[in-house]
Amino acid sequence: MSHLLVTGGAGYVGSHTLRALLAAGHSAVVLDDLREGRAAFAGGAELVRGDLGDAAVLEGVFRHHGPFGGVLHFAGSARVAESMREPLAYYRNNVSASALLLERCLREKVPAFVFSSSAAVYGHPAAQPIPEDAPLAPLSPYGASKAMVERMLADAAAVHGLRYAALRYFNAAGADPAGGLGECHEPETHLIPLALRAAARTGPALRLYGDDWPTRDGTCERDYVHVSDLGDAHRLAIEALLAGEAGGAFNLGAGAGHTVREVLAAVERAVGRPVPLEPAPRRPGDPAALVADTTRFRSRFGWTPKHSDLDTLVRTAWTWEKNSGDGV
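Given the structure is predicted, the values throughout are model-derived calculations rather than measurements.

A. Region of the structure containing the pattern of salt bridges. Here the structure, examined in full by the defined rule, presents 18 salt bridges. With a closest N to O distance of 2.8 Å, Glu 262 and Arg 216 form a salt bridge. With Glu 262 in helix H8 (residues 260–271) and Arg 216 in the loop between strand E8 (206–209) and strand E9 (221–222), the pair connects residues that are 46 residues apart, well separated along the chain. For Asp 232, the salt bridge is made with Arg 235, and the minimal N-O distance between the two is 2.7 Å. Of this pair, Asp 232 and Arg 235 both sit in helix H7 (residues 227–242), separated by 3 residues, roughly a single helical turn. One exposure class covers both Asp 232 and Arg 235, and it is buried. Overlapping salt bridges, with partners in common, bring together Glu 59, Arg 63, Arg 104 and Glu 108 in one network.

Now the structure itself:
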């Protein structure tokens, strides 16, 4: 078992990964500034509250809480629309801070590094499902920042021998079936929680951004993957890297797409009420479909999603919404 550093481990995907790591017997230190995360989500690990982009904070974490066998890096800004308004903030928070962390890891001879990347690196891909060798053509500073960090990792691997995995996940959704963890962004921008709140009448009508897309029902199609399955994937990746496996870039998704209307039907089954809709024009930059080819990660690491069927995704998210006090 290894002693690990988890940056952003009090956030949504980071906390679910932390739970998977601790359940497998690893120990962990969480570095999180708690702007997006919750201290309670870091339960079972030592929490250091601080800014990843502060070299003094990193110095203290490595000096007083290391040495670390590996690092899992989730910390950063993650809203596409916000990145379009504040691009330099995204390059500072996501690229500059990651460079500081990576330099420190190399100095401390940390052998394994797992990075929380995104399907946003692909932009408008020509092929569906999307393979990892599709061209990287991000449409936003957020996606560009993820691609930049991936390049830094590839260069560090080539020059310094760092073993890394950049995990490009698609639409993370759902909540831990065991309870206590879930999605609580502010403001919330993701489809499933917004649809649940609209159906429960605790939020406004859901804005439907276009109904004339070239898909089977005219609404956008996305690949939704359960956040607990993502947590398990990160655990498998860091364990394989620590065992000497070669890394690289990998897609994480369920490998199947669902349209917005299909998601809304699942929400209505879970809540027992219709989702009020407000028609809206297409959002600039939205692709019609984004579906992952996950063959590479599944075959390399033996990963099989257990909770990523649509009804389980929505049901666990609904349980979280009802019990968390966030929106319901």
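B. Local environment of the sheet that holds strand E4 (residues 70–73). Taken in spatial order, the 7 strands line up as E3-E2-E1-E4-E5-E6-E11 in an open sheet, and their pairing is parallel. Unpaired on one side and paired on the other, strand E3 (46–49) and strand E11 (248–252) mark the two borders of the sheet. Across the sheet, the mean angle separating the axes of adjacent strands is 20° when strand polarity is ignored. Pairing geometry for strand E5 (residues 112–118) and strand E6 (residues 163–169), over 7 bridges, is parallel. Note on E6: the bridge partner recorded for Val 114 is Ala 165. Helix-sheet contacts for helix H2 (residues 55–65) involve strand E1 (3–7), strand E2 (27–32) and E3, and the interaxial angle to E2 is about 165°.

C. Summary view of the pairing of E2. The element E2 is largely enclosed, with a buried count of 5 among its 6 residues. Handedness of the crossover is the feature at issue here: the chain leaves E1, passes through helix H1 (residues 12–23), returns alongside E2, and the resulting connection is right-handed. Sheet topology note: the E2/E3 ladder contains 4 bridges and is parallel. When the bridges of E3 are listed, Asp 32 appears paired with Arg 49.

D. Structural context of the side chain of Glu 132. Locating Glu 132 in the fold gives a position in the loop between E5 and helix H5 (141–160). What makes Glu 132 buried here is its relative accessible area of 10%. For Glu 132, the residues in contact, after removing those within four places along its chain, are Tyr 122, Arg 168, Ala 249, Phe 250, Asn 251, Asp 293 and Arg 296.

Analysis parameters
Residues numbered from 1 in each chain as written. Predicted model: local features only at pLDDT ≥ 70, side-chain atom pairs only at ≥ 80, totals over all residues. Heavy atoms only, no water. Salt bridge = Lys/Arg side-chain N within 4 Å of Asp/Glu carboxyl O. Helix = DSSP H or I, 4+ residues; strand = E, 2+ residues; numbered from the N terminus. Buried < 20%, exposed > 50% of the residue type's maximum accessible area, 1.4 Å probe, protein only. Pairing = 2+ DSSP bridges. Axes fitted to C-alpha atoms, helices over the stretch in contact; angles between N-to-C directions. Contact = heavy atoms within 4.5 Å. Right-handed = clockwise from strand over helix to strand, strands pointing away.

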